[in-house]
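# Observations on the three-dimensional arrangement
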Amino acid sequence: MNGSSVVLERRAGDESILVKFNINHATLYQDVLDIDTEDNENSIERSTMFTSKLPLLIEIVKNDQKVIGLRCNVADMEYSDSSSDFDHSEAPLEICEIALYDKPGDWNEKVYWISGSVLEEEFHKRLHLVLSERLVDQLFIKRLFELANSYEHLMYVTFLEEMRNFLICGK
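Residues numbered from 1 in each chain as written. Predicted model: local features only at pLDDT ≥ 70, side-chain atom pairs only at ≥ 80, totals over all residues. Heavy atoms only, no water.

Secondary structure assignment for the protein chain yields two helices and eight strands. In the protein chain, buried positions account for 27% of the 171 residues. Taking the contacts inside the protein chain whose residues are at least 6 apart along the sequence as the reference set, 55% of them involve residues at least 24 apart. Total accessible area computed for the protein chain in this model is approximately 11,900 Å², and 50% of it derives from carbon and sulfur atoms. (Helix = DSSP H or I, 4+ residues; strand = E, 2+ residues; numbered from the N terminus. Buried < 20%, exposed > 50% of the residue type's maximum accessible area, 1.4 Å probe, protein only. Contact = heavy atoms within 4.5 Å. Areas by Shrake-Rupley, 256 points an atom, 1.4 Å probe, with all protein chains shown as cover.)

In structure tokens, the structure reads:
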């Protein structure tokens, strides 16, 4: 962890799986209108709902040479700890972009990438299977999401303390 940036790495044989994310802008605030129509009374209440959006870069590195990079968003879904058969409609990740490049962190404008929205469903299923085989599955994403939320909260509290010290103490 380096400031707001987080990198997790897992090695298995000749492969490394890197999961990178940044907690900045990971919490969104939405105005929500609650409409109550019970008892033939229409009442509208406005409230604020906090939601998290966690963009990830997942890099699968083979033999420290070639990298498959997947830019993903955590899908808005309920998570379960079960490891049932893969169902693309219940995938914990939305694959936004995919690329092949030479070394971790090398994704840039010179690298050819393709949008996940144009990939065939079978290709999506295959990519999710590749991730699942490497234990980047629903349970991992759930725990990652909890880690990111806890870390973001810690950073927020630290920010408030530092801001208070700056404004009150002039440090």
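To continue, consider the state of the cysteines. Note on terminology: a disulfide is the covalent bond linking the sulfur atoms of two cysteines. Overall, the coordinates contain zero disulfides when judged by the stated rule. There is no disulfide at Cys-72, and the cysteine sulfur nearest it, in Cys-96, is 6.5 Å away. Taking relative accessible area as the criterion, Cys-72 reaches 1% and is therefore assigned buried. Cys-96 sits in the partly exposed class, given a relative accessible area of 22%. (Disulfide = S-S within 2.5 Å.)

For strand β5 (residues 55-62), a buried count of six out of eight residues is recorded, marking the element as mostly surrounded by other parts of the structure. Here seven bridges tie strand β2 (residues 15-22) to β5, and the two strands are oriented antiparallel to one another. Paired with Ile-17 across the two strands is Ile-60, which belongs to β5. Relative to strand β6 (residues 66-74), β5 is paired through eight bridges, and the arrangement is antiparallel. Bridge pairing in β6 places Leu-56 opposite Cys-72. In this antiparallel pair of consecutive strands, β5 and β6, the connection spans three residues, and Asn-63 shows a positive phi of 50°. (Pairing = 2+ DSSP bridges.)

On to the pattern of salt bridges. In the structure shown here, the tally under the stated rule is eight salt bridges. With a closest N to O distance of 3.7 Å, Glu-97 and Arg-71 form a salt bridge. Residue Glu-97 is found in strand β7 (residues 93-101), and its partner Arg-71 is found in strand β6; the two are separated by 26 residues along the sequence. Look at Arg-71 and you get partly exposed, because its relative accessible area is 33%. One salt-bridge network, in which partners are shared between bridges, spans Glu-15, Lys-62, Glu-133 and Arg-134. (Salt bridge = Lys/Arg side-chain N within 4 Å of Asp/Glu carboxyl O.)

Let us look at the sheet that holds strand β8 (residues 113-115). One open sheet accounts for six strands, arranged β1-β2-β5-β6-β7-β8; its pairing is antiparallel. The open sheet has two edge strands, β1 (5-12) and β8, and neither has a second partner. Strand-to-strand twist across the sheet, computed as the mean angle between neighbouring axes with direction ignored, equals 20°. Against the sheet, helix α1 (residues 121-133) contacts β5, β6 and β7, and its axis sits at roughly 85° relative to β7. Along the sheet, helix α2 (residues 138-169) contacts β1, β2, β5, β6 and β7; its crossing angle with β2, the most-contacted strand, is approximately 40°. (Axes fitted to C-alpha atoms, helices over the stretch in contact; angles between N-to-C directions.)

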